[in-house]
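These are the residues of each chain, in order.
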Amino acid sequence: MAERLRVLPTAEDVASDAAKLVAETIVSRRIVWTRLVLAGGSTPRRCYELLSEKRSLPWGSVSILFGDERCVPPTDTDSNYRMADETLLHRVHPGLVYRIPAELGADEAAKLYEPVVAMAPLDLVLLGIGPDGHTASLFPGHAVLNAPGLTAGVHDAPKPPPDRVTLTLRALRSARRVVILATGADKRDAVRKGLEGTVPAGMIAGAEWLVSRDAAPDAR
Ligand code: 6PG
């Protein structure tokens, strides 16, 4: 597992490494669509800001999907789409943006988003991790971990808001590449458990970890 863990000095280093990795993926697949799945939460914000400066990338050949979404309007400050739009999407104008219509309700939106996920491989998935080891909206001990499809509605998420839509472990495990970003001492325990495979973020075989030193399990 250690070979998939990169520990970098600061959160800024994690953001810049992640942005570089996304850029390399887009360039390497220039002739066909790159399907990039964005993480929600606050950790990826800086990565998206740095990515938005890379205007020369062939953004027109990029499809954007989301790993999860809260059941709020896309204009809500809680919306993962809004965060990605503000920091990245409205600056680089990707060819296709598949927003999760979570404002329609968790189950309805999950049903609508399933064929979007199914239509082609996911080239690169960015994920965050919560202090409890959740990723996307896949929470420890939650029934959604056994969801059979590629998307699922979540109704009692321990992290507010309670209603969400998420890609499932099956969807995340199908991706060509998964990179989990973690920064901050509050994530150290979750990263340790993730590397041990005992929390949802650790249940995606082959996932790579980009972790700042303060979030690294052996950080003193
Ligand atoms: C969400 C995210 C969630 C997030 C983690 C980490 O919609 O809440 O998808 O999985 O990645 O909770 O959040 P922070 O990056 O804000 O710590």
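Because the structure is a prediction, the values reported are computed rather than measured.

Parameters at a glance
- Residues numbered from 1 in each chain as written.
- Predicted model: local features only at pLDDT ≥ 70, side-chain atom pairs only at ≥ 80, totals over all residues.
- Heavy atoms only, no water.
- Helix = DSSP H or I, 4+ residues; strand = E, 2+ residues; numbered from the N terminus.
- Buried < 20%, exposed > 50% of the residue type's maximum accessible area, 1.4 Å probe, protein only.
- Contact = heavy atoms within 4.5 Å.
- Areas by Shrake-Rupley, 256 points an atom, 1.4 Å probe, with all protein chains shown as cover.
- Lys, Arg positive; Asp, Glu negative; His and termini not counted.
- Charge placed at Lys NZ, Arg CZ, Asp CG, Glu CD.
- Pairing = 2+ DSSP bridges.
- Axes fitted to C-alpha atoms, helices over the stretch in contact; angles between N-to-C directions.
- Phe/Tyr/Trp six-rings, centres within 6.5 Å; stacked < 30°, edge-to-face > 60°.
- Lys NZ or Arg CZ within 6 Å of the ring centre and 35° of its normal.
- Near = heavy atom within 4 Å.
- Polar contact = N/O pair within 3.5 Å; in protein donor to acceptor, adjacent residues only side chain to side chain.
- Nonpolar A, V, L, I, M, F, W, Y, C, P; charged D, E, K, R; others polar.
- Salt bridge = Lys/Arg side-chain N within 4 Å of Asp/Glu carboxyl O.
- Parallel < 35°, antiparallel > 145°, perpendicular 65-115°, else oblique.
- Left-handed = near helix turned anticlockwise from the far one by under 90°.

Peer 1: Just checking my understanding: could you explain the overall build of the chain for this structure?
Peer 2: Of regular secondary structure, the chain possesses six helices and ten strands. Summarising its shape, the C-alpha atoms of the chain cover approximately 45 × 40 × 30 Å along the three principal directions. Buried residues in the chain amount to 55% of all 220 residues. By sequence separation, contacts in the chain at least 24 residues apart represent 76% of the contacts at least 6 residues apart. On the chain, roughly 9,400 Å² of surface is accessible, and the fraction owed to carbon and sulfur atoms is 53%. Between the mean site of the 27 positive side-chain charges and the mean site of the 27 negative ones, the chain shows a separation of 5 Å.

Peer 1: When you look at the sheet that holds strand β4 (residues 68-70) in this model, what are you seeing that I'm missing?
Peer 2: Neighbouring strands of a sheet are bound in pairs by backbone hydrogen bonds; such pairs are parallel or else antiparallel. Ordered by their spatial adjacency, three strands build an open sheet running β4-β8-β7, and the pairing between neighbours is antiparallel. The open sheet is flanked by β4 and β7 (151-154), the only strands paired with a single partner. Sheet twist, expressed as the average angle between the axes of neighbouring strands with direction ignored, equals 15°.

Peer 1: Would you mind going over the environment of A136 with me for this structure?
Peer 2: Turning to its location among the elements, A136 is positioned in the loop between β6 (124-127) and β7. When neighbours within four sequence positions are excluded, A136 is seen to be in contact with G67, D68, L127 and T166.

Peer 1: In this structure, what is going on with the packing of aromatic side chains? I would like to understand it.
Peer 2: Note on aromatic pairs: each is described by the distance of the centres and the angle between the planes. Per the stated rule, a full pass over the model turns up one aromatic pair. Between the NZ or CZ atom of R99 and the centre of the ring of Y81, over which it lies, the distance is 5.8 Å.

Peer 1: What exactly am I supposed to notice about the sheet that holds strand β9 (residues 178-182) here?
Peer 2: Spatial strand order, β1-β10-β9-β6-β2-β3-β5: seven strands in an open sheet with parallel pairing. Two strands in the sheet have a free side with no partner beyond their single neighbour: β1 (5-8) and β5 (96-97). Sheet topology note: the β6/β9 ladder contains three bridges and is parallel. Each bridged residue has a counterpart across the sheet, and for L126 the counterpart in β9 is V179. Where helix α6 (residues 188-196) meets the sheet, its contacts fall on β1, β9 and β10 (208-212), and the angle it forms with β10 comes to roughly 160°.

Peer 1: What exactly am I supposed to notice about the site of the ligand here?
Peer 2: Close contacts around the ligand come from 16 residues, with S42, T43, H134, A136 and K187 the closest. One of the backbone nitrogen or oxygen atoms of A136 is found 2.6 Å away from an oxygen atom of the ligand. Side-chain polar atom of R164 to an oxygen atom of the ligand: 3.1 Å apart, as the coordinates give it. Bound to the protein, the ligand loses 91% of the 410 Å² it would expose on its own. A per-class count over the shell around the ligand returns two nonpolar, nine polar and five charged.

Peer 1: When you look at the pattern of salt bridges in this model, what are you seeing that I'm missing?
Peer 2: Close approach of charged atoms allows side chains with opposite charge to pair. Enumeration over the complete set of coordinates arrives at 15 salt bridges. When the shortest N-O distance is used, the salt bridge between D189 and R192 registers 2.4 Å. Within this pair, D189 and its partner R192 are both found in helix α6, separated by three residues, close to a single helical turn. Each of the salt bridges in this network shares a partner with another, and the network as a whole consists of D189, R192, K193 and E196.

Peer 1: Before we go on, may I ask you to explain the packing of helix α1 (residues 11-28) against helix α2 (residues 45-52) in this structure?
Peer 2: Think of two packed helices as two axes; the pair is described by the angle between the axes and how far apart they sit. Between α1 and α2, the least distance of the axes is 8 Å, while the angle of their chain directions is 50°. Judged on the interaxial angle alone, α2 and α1 are oblique. The crossing of α1 and α2 is right-handed. Across the interface between the two elements, E12, A15, S16, A18, A19, V22 and A23 of α1 pack against R46, C47, L50 and L51 of α2. Its residues assigned to classes, the contact of α1 with α2 comprises eight nonpolar, one polar and two charged.

Peer 1: Even after reading the chapter, I still don't get the packing of α2 against helix α3 (residues 80-92), so can you show me in this structure?
Peer 2: The geometry of α2 relative to α3 is characterised by a closest axis approach of 9 Å and an angle of 10° between their N-to-C directions. For the element pair α2 / α3, the angle class is roughly parallel. Every residue of α3 that contacts α2 at R45, Y48, E49, L51 and S52 is listed here: M83, A84, E86, T87, L88, R91 and V92. Broken down by class, the residue content of the contact of α2 with α3 amounts to six nonpolar, two polar and four charged.

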